[in-house]
Amino acid sequence: MTVDERISKLEKRHGVTTALLSLVVVGLIGVASYQAYRLHGLETAKTLRVKEIRVYDDKGVDRVVLAGNLPQVTLNGKPRNFKPREMGGMLIYDGSGTERGGYGTMNGYANAMLSLDSGPEEQGKQVMLLLAEPGGGAFFRQWDGTGSVTMGVYEKPFLTVMDGKDVVLAKPEDNAWTKRGVK
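On a predicted model such as this, the values are computed, not experimentally measured, just so you know.

Rules and cut-offs
Residues numbered from 1 in each chain as written. Predicted model: local features only at pLDDT ≥ 70, side-chain atom pairs only at ≥ 80, totals over all residues. Heavy atoms only, no water. 1 Å grid on protein atoms, 1.4 Å probe; cavity = no way out; pocket = protein on both sides within 12 Å on 5 of 7 lines; lining within 4 Å. Points joined across faces, edges and corners; volume = space filled by probe spheres on them. Helix = DSSP H or I, 4+ residues; strand = E, 2+ residues; numbered from the N terminus. Nonpolar A, V, L, I, M, F, W, Y, C, P; charged D, E, K, R; others polar. Salt bridge = Lys/Arg side-chain N within 4 Å of Asp/Glu carboxyl O. Buried < 20%, exposed > 50% of the residue type's maximum accessible area, 1.4 Å probe, protein only. Core = buried A, V, L, I, M, F, W, Y, C linked by side-chain atoms within 4.5 Å. Contact = heavy atoms within 4.5 Å.

Here we take up the layout of surface pockets. Reported here for the second largest pocket is a volume of approximately 220 Å³. The wall of the second largest pocket is formed by 15 residues, among which Trp 143, Asp 144, Gly 145, Thr 146 and Gly 147 lie closest to the centre. Only β8 (126-132), β9 (138-143) and β10 (147-154) provide two or more residues apiece to the lining of the second largest pocket. Here the residues of the lining of the second largest pocket sort into three nonpolar, seven polar and five charged.

Moving on, we come to the pattern of salt bridges. A pair can form between side chains of opposite charge whenever their charged atoms are brought close. Scanning the entire structure with this criterion turns up three salt bridges. Residue Glu 52 pairs with Arg 54 through a salt bridge whose shortest N-O separation is 2.5 Å. Taking the relative accessible area as the measure of exposure, Arg 54 reaches 37% and is therefore partly exposed. Taken together, the shared-partner salt bridges connect Glu 52, Arg 54 and Asp 62 into one network.

With 14 residues, the main nonpolar core has Leu 70, Met 113, Leu 129, Leu 131, Phe 139 and Phe 158 as its most contacted residues. Broken down by secondary-structure element, the contributors of at least two residues to this core are β2 (62-67), β5 (87-93), β8, β9 and α2 (176-180). The biggest single contributor to this core is β5, with three residues. In contact with Leu 129, other than residues within four places in its own chain, are Met 113, Leu 114, Ser 115, Phe 139, Phe 140, Arg 141 and Trp 143.

Set out below in structure tokens:
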């Protein structure tokens, strides 16, 4: 093969390589442009629609869950009750993974509620509840396992203070809470 033939062959290879490289560059520019367009669309989105958002700490423990269907009650990061919740809202957890409270609305009878729970030492028991019924009634209850204070408005204002199962104070005596027989 002569030098001229070799140069001609190399020029053809160079032309093909240049054409292929140009196609790759144009393709990469196209892909990058498309991805930039999609990213711009995400940055300007006005609505984010998801079923659940979980925020966790450095140890991987869930600290906040926001969901359309809230997960089961947890104690030390493990489900405590296998009955599924029928509510959507937000739950907060301590560093052990124990649920410490939440805000949500019930499915079916649409109560809206805010709940605060004790820590794992007390098995994550509910100690405070603020509830608003869809029909307009509302109440606040605080308890520690030995006594409770409940006040609210259900047909008319009421207050009930209990020591164990004994009613210490009920105003009026036949209020909505004492009529329900809730202890």
